[in-house]
Amino acid sequence: MTAAKGSAERTPSAARSPFVYRPTASPEEAARWEPRRILITNVRSIAGRAYPRLIGLRREPSWILFEILLPFLTTSAFVFVYRALQSPPEYIGFVVLGGAMTAFWMNVMWMMAAQLYWEKDQGNLERYFTAPMSMMAILLGMAIGGLLMSTFRAGIVLLVGTIVYGVVFSVDQWFLLLGVFVLFLTALYGLGMMLATLFVLWGREAWHLTQIMAEPVYFVSGLNFPVARLGLFGAAALGTIPLAVGLDAIRQLAFAGSTNTGSFISPEGEALLLVAMTIVFIGLARYLLRIIERLARQDGKLITRTS
Amino acid sequence: MTALAEAGTRWSRQADPESTRRQSIAQVWRGFLTATRLGWQTEANWTNPVVYFLYAVCTPVFATLMLVFMIQVISGGNAPPAYRAYVVIGSGLWSFVVAGIAGLAWAVLDDRERYRMLKYLFVSPNDLLVLLLGRGLARMMVGAMGAIVTLGLGVVVLGLPLDLARIDWPVLVAAMVLGLVSIVALGLILASVAMQTRQDSWHYPEAVSGALFLIVGAVFPLNILPTFAQAFGLISPLTWWLEAVRRALFPDIQSGIGGAGSLYASLAGHDAPSGIEALLALLLTTVVVTLAAVATYRWSEHRAKERGLFDVTTGS
Amino acid sequence: MPVSPTPLHSAAALAIDARNVGRVYKAKPNPIVALDGIDLTVRPGELFGLLGPNGAGKTTLIKILTTLLLPSSGTASVFGFDVERQTSQIRRIMNIVSGGEQSGYGLLQVREQLWMFSQFYGLGVREGWRRVDELIDLVGLQEQRVQKVSQLSTGQRQKLNFARGLLNDPWIFFLDEPTLGLDVSAARATRELTLAWQAAVPGRTILLTSHYMAEVDEMCDRLAIVDRGRILAIGTPAELKHRVQSESIFRLELDRLDRGVGALARLPGVISAASVAGNDNGADGERNTILVKLVLVDDGALGPVVSALAGLDAHIVSLQKSEPSLEDVFVELVGRGFEDDLTVHQNGTGLRSAGSRPADEESVAEELAGRSR
Ligand SMILES: Nc1ncnc2c1ncn2[C@@H]1O[C@H](COP(=O)(O)OP(=O)(O)OP(=O)(O)O)[C@@H](O)[C@H]1O
Ligand SMILES: [Mg+2]
């Protein structure tokens, strides 16, 4: 919306003071919000927080190169490793699928996990805590902005990869595939929300933890090969890392009938696992937010800009 | 205050007005050393040594493991050991690249967005370029640690055929020096980018190093790639650096550049480059990349100054 | 828990009701006592000022009242809502702006940034845009409407913060040094805006902290002088000034004072004597006088001082009875001025110090605070 349009929209009511909006008779009345208003405020806050994310993308398009084209090349590198090994064709499909799905993981690691910590460094966290919405709404808004971008990136990698490297998918259960994908996103972004809160608690080290975790997670998640091949590690990954579960389930569903996708768990089972993860991670995020608020109010740290 | 900023102000205290205009080599050198030392402190002071060690080695070791495992999955027990060695060396050395490219860009982002010191660094009498280089070098030490551990594990656990008596030390040393220069140059280009982009560009360096991974023959010989991609590989100094180091350390390993049907073979007329040939090509490409990097950096600095980008915050 | 807030019309809840609020920060090497038993009540509709030197605990008190910090002891409520437990209610009806605040996202434009915040307060999408534009006009940011936030000047930035603070039409507005770093006219605009807002929407309460005496004097209905976590005095500006006035203040210009102002401070009837810098005519070498601010128990004490001066071999160049300012109140209570060029000698229990705090200021403060009640 442009400024001009915005000004034109304003109601020229001379009677109303620009200071007042929704007049209330007393502070008590103003503080009394029915559940519906609380809900609406939180929903709007999600949109409000997602908004700068989307603006950022539009305002600075360098991410198209760095978030889409270059990662596609990285994915291609693994395709050529398999080519060098003359592997069965599905494996190249696994790599393309993995390349698409990593978009979400990268987004969670880089743009979510450390984001709340950044907000603190920018002096935003205190303002957020003094506003009436729930911090969960802020976290969700943050997640959604990044989610849209990652979906775009994943879509491009998948599409171009499929065409360029001639990947053949075979899907029998479309609905299950879609369901698993959505659950994968909720679990993954739930994890992102939890990490975001954890990183506020851990401070500067969190930043480095992101880096420590990145590659090991790729490895144990079976980014480029069925996770079951990792044996015990693979099983452990399936129990804890949404990326591993999502990848494994989608791999099984997108290459139906392939002999190379064998797993410990059926896609249905993995869907349930993702539901459980979503609940646990979001629950933990909520819990940690409370802890952060409590500690912040007790010690006068954590949410105050320090550097 | 960041160590980098500290280095800046420390200098500014030493500098008299005359030297502001015309710094002596010695001064620049002293400043560079200070920046490196302080850069190292910022790099290392956030945690205890154990976590720090993990931080340095996790990424390269697991990246290598991933590739080794891919080979294992496809070829089962009878994986060709030569190819495995090739992959381990390539991805182990890559640790330098990742660390080196990211270091400078992150210094820019950190100091602009978090510490809000970039503007002060810029106006300090020292060249911001030198300060950034110092910081970048410090970060490369992290990369070195990762590379050494990965290669060490490769030798001990995976049986890489390392024979200390057969190492070509002169080529190795020359290649490492030139390679580091070219990596820092690439890092400088990324720092120039970071100066222009928003805060969320943290992983741009990773994206760039990931993309380079495809064309430099780190984990598969170039001849697998389409010809045009091979051409990009041949103009990248990293390709030649990897080749020269590989040659110097493991004389028997296959060439990543030449081989049947490679662009190199058809251009050069022989199958694979010799160590010296690789060195010369490395020298040439390094010079080109370094010049390009300095030019890019100066342009970026100029544009940043023009648009007042040194003291913005760009969160979203 | 079901707390039934008292409706405003009947027994109106106090806008701020702080009882014996204490706050200790964990810190190395010793814990810091930032607030030490604050008792404060602010009525709805009041513009209340907090005046105090750096580190007095003003921001700490505001953080407690804005639910960012828990009190270590005591209780506090805002419009009847407890700051510890009823945080949601308080957050719905208050807002806060502090000087030098940098919140928001640099990549956003002024309008966008405000709109984002409007959503956090639950304004509708269009309602948000409309209100944002209104507020932009109100604070005078029309020309910066679509400028990026990271490119704003300090003054523009503070206008933006003000607009943000008014988004939810708060019942209580906390202003922590809102004019910090602003030029004279921007600071005045800020003050006028604050007053206009309060006049336009009756019943709104403001808690303001500032280092500018004149600002507090001009704006506040009542104020508290705070130092080292304690309230030294509360009252209207006039009341506080009157208190100092009851002890006559003179500006005394002397040609010389070889034995220092301390000699004057020891005279009977003298409460304090401070040498005031800034009248240094020594540069031209002609008139080199000493300016002393004398606080006396009453005018009658002047006689003995004048005669004593002769004994000190000092001649009076000029003598003027001065009207007290808040600064005088502050100096008397806190024992030092904001600027360090004010040297105060307290007369009392043998306290002597120059340029720094009296050794046992606590007791003086307590005595003064005791007197004020
Ligand atoms: N988070 C914190 N941790 C430890 N000590 C703190 C913290 N915040 C404030 N303090 C200390 O508490 C005391 C009161 O600080 P406060 O910020 O409330 O003072 P103030 O009156 O607002 O000062 P100023 O006028 O300088 O803003 C100071 O000594 C300060 O150092
Ligand atoms: Mg303060």
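Residues numbered from 1 in each chain as written. Chains lettered and ligands numbered in written order. Predicted model: local features only at pLDDT ≥ 70, side-chain atom pairs only at ≥ 80, totals over all residues. Heavy atoms only, no water.

Asker: I'd like to hear about the environment of G217(B), residue by residue, with values.
Answerer: Residue and element names in this part refer to chain B. By secondary structure assignment, the location of G217 is in the loop between α9 (204-215) and α10 (227-234). Of the residues examined, G217 reaches a relative accessible area of 0% and is grouped as buried. Through-space distance from the C-alpha of G217 to that of V171 is 19 Å; in sequence the pair is 46 residues apart. Those residues within four positions of G217 in sequence are excluded, and the remaining contacts are Y86, L222 and R246. (Helix = DSSP H or I, 4+ residues; strand = E, 2+ residues; numbered from the N terminus. Buried < 20%, exposed > 50% of the residue type's maximum accessible area, 1.4 Å probe, protein only. Contact = heavy atoms within 4.5 Å.)

Asker: Tell me about the site of ligand 1, and please be specific about residues and values.
Answerer: Around ligand 1 lies a shell of 14 residues, among which N54(C), G55(C), K58(C), T59(C) and T60(C) are the nearest. Backbone polar atom of G300(A) to a nitrogen atom of ligand 1: 2.9 Å apart, as the coordinates give it. In the complex, the protein chains occlude 70% of the 630 Å² of accessible area that ligand 1 would expose alone. Among the elements of the structure, β2 (32-42) and α1 (58-65) of chain C are those that each provide at least two residues to the shell around ligand 1. Here the shell around ligand 1 gets 3 residues from one element, more than from any other, and that element is α1(C). Classifying every residue of the shell around ligand 1 by side-chain character gives 5 nonpolar, 7 polar and 2 charged. (Near = heavy atom within 4 Å. Polar contact = N/O pair within 3.5 Å; in protein donor to acceptor, adjacent residues only side chain to side chain. Areas by Shrake-Rupley, 256 points an atom, 1.4 Å probe, with all protein chains shown as cover. Nonpolar A, V, L, I, M, F, W, Y, C, P; charged D, E, K, R; others polar.)

Asker: Talk me through the confidence of the model for chain A; I want residue IDs and the actual numbers.
Answerer: Detailed reading of the predicted model is not advised wherever pLDDT is low. Residue and element names in this part refer to chain A. The predicted model of chain A has a mean per-residue pLDDT of 85, with 93% of residues at 70 or higher. Summarising per-element confidence for chain A, the mean pLDDT is lowest in helix α1 (residues 3-9) (38) and highest in helix α13 (residues 267-299) (93). When the criterion is pLDDT under 50, residues 1-15 qualifies, and its contacts beyond four places in sequence or with other chains add up to 20 contacts. (pLDDT = per-residue confidence, 0-100.)

Asker: Let's hear about the interface of chain C and chain A: which residues, and what values?
Answerer: In this complex, chain C contributes 69 residues to the contact, which on the side of chain A involves 55 residues. Surface buried jointly by chain C and chain A totals about 5,500 Å² across both partners, of which 58% is contributed by carbon and sulfur atoms. The interface formed by chain C and chain A includes 5 salt bridges. The partner of R91(C) in a salt bridge is E293(A), with the nearest N and O atoms 2.7 Å apart. Here chain C and chain A share 21 residue pairs in polar contact (both at pLDDT 80 or more) between them. Elements with a minimum of two residues in the side of chain C that touches chain A: β1 (16-25), α2 (87-93), β6 (94-98), α3 (110-120), α4 (125-139), α5 (154-166) and α6 (184-200) of chain C. The greatest single-element share of the side of chain C that touches chain A, amounting to 11 residues, is contributed by α4(C). (Buried area = accessible area lost by both parts, 1.4 Å probe. Salt bridge = Lys/Arg side-chain N within 4 Å of Asp/Glu carboxyl O.)

Asker: Would you mind going over the pairing of strand β13 (residues 290-296) of chain C in detail, with residue names and values included?
Answerer: Residues and elements named next belong to chain C. For β13, the tally of buried residues reaches 6 of 7 residues, placing the bulk of the element in the interior. Where strand β11 (residues 249-254) meets β13, 6 bridges bridge the pair, whose relative direction is antiparallel. Note on β13: the bridge partner recorded for L254 is I290. (Pairing = 2+ DSSP bridges.)

Asker: I'd like to hear about the packing of helix α5 (residues 81-114) of chain B against α9(B), residue by residue, with values.
Answerer: Residue and element names in this part refer to chain B. Here α5 crosses α9 at 150°, and the two axes come no closer than 9 Å. As the angle between them shows, α5 and α9 are arranged roughly antiparallel. When the axes of α5 and α9 are compared, the crossing they make is right-handed. Residues W94, V97, V98, I101, A102, A105 and W106 of α5 touch α9, and the partners they reach there are P205, S209, L212 and F213. Along the lines of polarity and charge, the residues of the contact of α5 with α9 split into 10 nonpolar, 1 polar and no charged. (Axes fitted to C-alpha atoms, helices over the stretch in contact; angles between N-to-C directions. Parallel < 35°, antiparallel > 145°, perpendicular 65-115°, else oblique. Left-handed = near helix turned anticlockwise from the far one by under 90°.)

Asker: Go over the interface of chain A and chain B, please, and point to the residues and values.
Answerer: Contact residues are listed per partner, giving 51 residues for chain A and 50 residues for chain B. Here chain A and chain B share an interface that buries about 5,000 Å² over both sides, 69% of which is from carbon and sulfur atoms. Counting across the chain A and chain B interface gives 4 residue pairs in polar contact (both at pLDDT 80 or more). Within the residue set of the side of chain A that touches chain B, elements represented by two or more residues are α3 (35-59), α4 (62-84), α5 (89-113), α6 (115-121) and α10 (204-220) of chain A. For the side of chain A that touches chain B, the class distribution of residues is 29 nonpolar, 11 polar and 11 charged.

Asker: Run through helix α7 (residues 128-157) of chain B, naming residues and quoting values.
Answerer: For α7(B), which comprises 30 residues, the first-to-last C-alpha distance of 43 Å matches the rise-based estimate of 44 Å (1.5 Å per residue) to within 8%. Phi turns positive, to about 70°, at G159(B), one or two residues after α7(B). (Expected span 1.5 Å × (residues − 1).)

Asker: Lay out helix α9 (residues 174-202) of chain A with the relevant residues and their values.
Answerer: The end-to-end C-alpha distance of α9(A), which contains 29 residues, comes to 41 Å, matching closely the 42 Å that a straight helix rising 1.5 Å per residue would cover. Positive backbone phi, at 75°, marks G203(A), one or two positions downstream of α9(A).

Asker: Can you lay out the packing of α4(A) against helix α8 (residues 135-164) of chain A for me, pointing to particular residues and giving the numbers?
Answerer: Packed helices, taken two at a time, are described by their axes: the angle between them and the distance between them. Residue and element names in this part refer to chain A. Packing of α4 against α8 leaves a shortest axis separation of 10 Å and a crossing angle of 40°. Judged by the inter-axis angle, α4 sits oblique to α8. Considering only the axes of α4 and α8, their crossing is right-handed. Packed against α4, whose contacting residues are W63, E67, I68, P71, F72 and T75, the element α8 presents M149, F152, R153, I156, V157, V160 and G161 at the interface. Among the residues forming the contact of α4 with α8, the class breakdown is 9 nonpolar, 2 polar and 2 charged.

Asker: Describe in detail the sheet that holds strand β10 (residues 230-235) of chain C, supporting the description with residues and values.
Answerer: Residues and elements named next belong to chain C. If you trace the 6 strands from one edge of the open sheet to the other, you get β6-β7-β8-β3-β9-β10, paired in mixed fashion. Both edges of this open sheet fall to β6 and β10, since each of them pairs with a single strand only. For this sheet the average axis-to-axis angle between neighbouring strands, irrespective of direction, equals 15°. Taken strand by strand, helix α11 (residues 326-334) contacts β3 (47-51), β9 (222-227) and β10, and its axis lies near 35° from that of β9.

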